[in-house]
Amino acid sequence: MGKVLMKGNEALAEAAIIGGCKFFFGYPITPQNEIPEYMAKRLPEVGGTFVQAESEVSAINMVYGAAGAGARVMTSSSSPGISLKQEGISYIAGAELPCVIVNMVRGGPGLGNIAPAQSDYFQATKGGGHGDYRVIVFGPASVQELVDITMEAFEIADRYRNPVMILGDGILGQMMEPVEFKTTEIRSAPEKPWATTGARGRQRNIINSLYIIPEDLEQFCQKLQDKYEAVAKREKRYESYFADDAEIIFAAYGSTARICKAVVDQARQEGIKAGLIRPISLWPFPDEPFRRAGEYAKAFLAVEMSTGQMVEDVRLAVNGHKPVYFYGRTGGMIPAKSQLYEEMKKILEGGNQ
Amino acid sequence: MKTVFKRPQTMTEKQMHYCPGCTHGVIHRLAAEVIDELDIQDKTIGIAPVGCAVFAYDYWDLDMHQAAHGRAPAVATGIKRVHPDNVVFTYQGDGDLAAIGTAEIVHAAARGEKVTVLFVNNTIYGMTGGQLAPTTLVGQKSTTTPFGRDENHSGYPVKMTEMLSVLDGVSYAARVSVHNPANILKAKKAIKKAFKAQINKDGFSIVEILSTCPTNWGISPIEAVKWLEKNMIPYFPLGEFKVPEEVAR
């Protein structure tokens, strides 16, 4: 199949269908409405079911039920709606159920606005809900990557019995780009012998996150931790763009990384050794390339559409070996290439942190 | 020797944690008897709530799913949409269903989700130690209404089953009580009708069951059943509010 021109949200929805998603539960919120609208039309064609819930709280609990019942299931929302889903996400992680959650991030805090932002990084990667748990988070930077990651997200969720979050932003959801679906064959979910299907001919199954005995809960939390360590070992992903010999290294994910790439291109043309390390998995965070680059680069510049969230992970990875600067825009404002170029020059000229 | 009484097949042998005089155990048994009689044990999926009945998954020998406080109807929706030919039911208390989970229960009912809800109303938060519930009667003392519920301050008890019965998605809605043997038998009949309504794909079905909480009411089990009859039934009248034709017979 050749390339087609598609809007990010719709391309993601089609990718979910191919990834084997059979159930979608959602609630309207801008800027992600094309996802539920696409699913409402498309799911019945593939024998699936779409339900519009009465709230995000209810939608994520429908996901919780359907995931426990063994289905490949997805929900999508945007920042304020994702806040409402946190209770359910904690339960889903606590019951070790697979599902895919999409956040097309918009401006915050509070009602914020409907313009693109990256200010939900902390919420996505550091927990969000209560308790010791992790969500596997990916931050794609193009409609193509959105498609590829969404298809694979269902496999990863099933492999680890863990929620997977796709952290997009308003730009990614709303823009149109040529995209290729590398397969159009709809995948199916693996056997799930632990699911609630009615206990016919087997021992009953219980989906639960309650361990009333402290010794039991501690043991369970340790088991989760072991799983997260295995995920961290296998699922770290990043793109390195001219970073191997760079003196100044941009750190950016998602839409922002694309602007940084343009700055790197311009800098290289002018003989400046600039590079970019673009985390694709946000949790687990790809710390190794930053640690290595800390040995040869002069400085790092983290760029985000926030007041500085991922920059903390970059600093942890660089571990004080080199200065890590930050440039951020918020409220739906997008960093301009010229601003980033100026910031880079300032740092190279020994500017202040 | 002839067996005249035995544990329903759908009950496990796990000893219950409920307080003396609490009627959760009776209601668990009624549900198990109905599931046995309808021969649906191997296709039924139950949803345990947050509250005193959180351990319900230990007592029914069924596939079970534990839900967050108030969210059981949404979880049930997810399960039922995946397995439309299975039987799915929630077991929820009055704090769970009539306060924190009001949106979930109303919209599951409005959508006509083909699930059954067993709604246990004892007019108080049991598990957390006896606080004001949405169903606490006017004048009734709780730990957060220490002088009795003042309607000018805390409003009035919610009659959930009457409210839900006016929704078109609801096929069966009834309120029963388990304060004496005659009413226990009636309660079982209502639970059976509710499950049958689901099996017939008529729509959403709910049975509200008036229940006792001697521990948090601060009275003996015997006084508790009398208190229920004297105070709860006048405010929460028993009866069927909606019955589909085929299960009415």
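Moving on to the overall build of chain B. Per the secondary structure count, chain B includes 11 helices and 9 strands. In terms of C-alpha radius of gyration, chain B reaches 17 Å, essentially the compact-globule figure of 18 Å for 249 residues. Sequence-distant contacts, at least 24 apart, represent 68% of the contacts inside chain B between residues at least 6 apart.

The subject of this paragraph is helix H6 (residues 143-160) of chain A. Residues and elements named next belong to chain A. The end-to-end C-alpha separation of H6 is 25 Å, in line with the 26 Å expected for 18 residues at 1.5 Å each. Taken as a whole, H6 carries its principal kink of about 30 degrees at Ala153. Residues of H6 that are buried: Val143, Leu146, Val147, Ile149, Thr150, Met151, Ala153, Phe154 and Ala157. Positive phi shows up at Arg161, right after H6, with a value of about 50 degrees.

So, on to the nonpolar core. Formed by 183 residues in total, the largest nonpolar core has its most connected members in Val63(A), Val100(A), Ile249(A), Phe250(A), Ala302(A) and Leu118(B). Not counting the four nearest positions on each side in its chain, Val63(A) is found in contact with Phe25(A), Val73(A), Thr75(A), Gly88(A), Ile92(A), Cys99(A) and Gly78(B).

Contacts between chain B and chain A engage 28 residues on the former and 33 residues on the latter. If you list the elements that add at least two residues to the side of chain B that touches chain A, you get strand S1 (44-48), strand S2 (63-66), helix H3 (72-82) and helix H5 (102-110) of chain B. Residues belonging to the side of chain B that touches chain A are distributed by class as follows: 13 nonpolar, 8 polar and 7 charged. Relative to S2(B), strand S9 (residues 206-207) of chain A is paired through 2 bridges, and the arrangement is parallel. By the bridge assignment, Ile207(A) is partnered in S2(B) with His65(B).

With that settled, consider the sheet that holds strand S11 (residues 248-251) of chain A. All names here are of chain A. An order of S10-S12-S11-S14-S15 is seen for the 5 strands of this open sheet, with the pairing classed as mixed. Edge positions in the sheet fall to strand S10 (238-241) and strand S15 (324-328), since each has one partner strand and no second. Direction aside, neighbouring strands of the sheet carry axes that sit 20 degrees apart on average. In this structure, S11 lies alongside strand S14 (residues 299-304), joined through 4 bridges in parallel fashion. Bridge pairing in S14 places Ala251 opposite Ala302.

Taken residue by residue, a regular strand's side chains alternate between the two faces of the sheet. Residues and elements named next belong to chain A. The buried fraction of strand S7 (residues 163-169) is high, at 7 of 7 residues. Bridge count for strand S5 (residues 99-105) against S7 is 7 bridges, and the pairing is parallel. Looking across to S7, one finds that Ile101 is bridged to Met165. Taken together, the 3 bridges between strand S6 (residues 136-138) and S7 define a ladder with parallel strand orientation. Counterpart to Ile136 in the pairing with S7 is Val164. Each parallel crossover has a hand, and the one from S6 via H6 to S7 is right-handed.

Calculation rules
Residues numbered from 1 in each chain as written. Chains lettered and ligands numbered in written order. Predicted model: local features only at pLDDT ≥ 70, side-chain atom pairs only at ≥ 80, totals over all residues. Helix = DSSP H or I, 4+ residues; strand = E, 2+ residues; numbered from the N terminus. Rg over C-alpha atoms; globule rule 2.2 N^0.38 Å. Contact = placed C-beta atoms within 7 Å. Expected span 1.5 Å × (residues − 1). Bend = angle between axes of the 7 residues up to and from the residue. Buried ≥ 20, exposed ≤ 12 C-beta atoms within 10 Å, placed from the backbone. Core = buried A, V, L, I, M, F, W, Y, C linked by C-beta atoms within 7 Å. Nonpolar A, V, L, I, M, F, W, Y, C, P; charged D, E, K, R; others polar. Pairing = 2+ DSSP bridges. Axes fitted to C-alpha atoms, helices over the stretch in contact; angles between N-to-C directions. Right-handed = clockwise from strand over helix to strand, strands pointing away.

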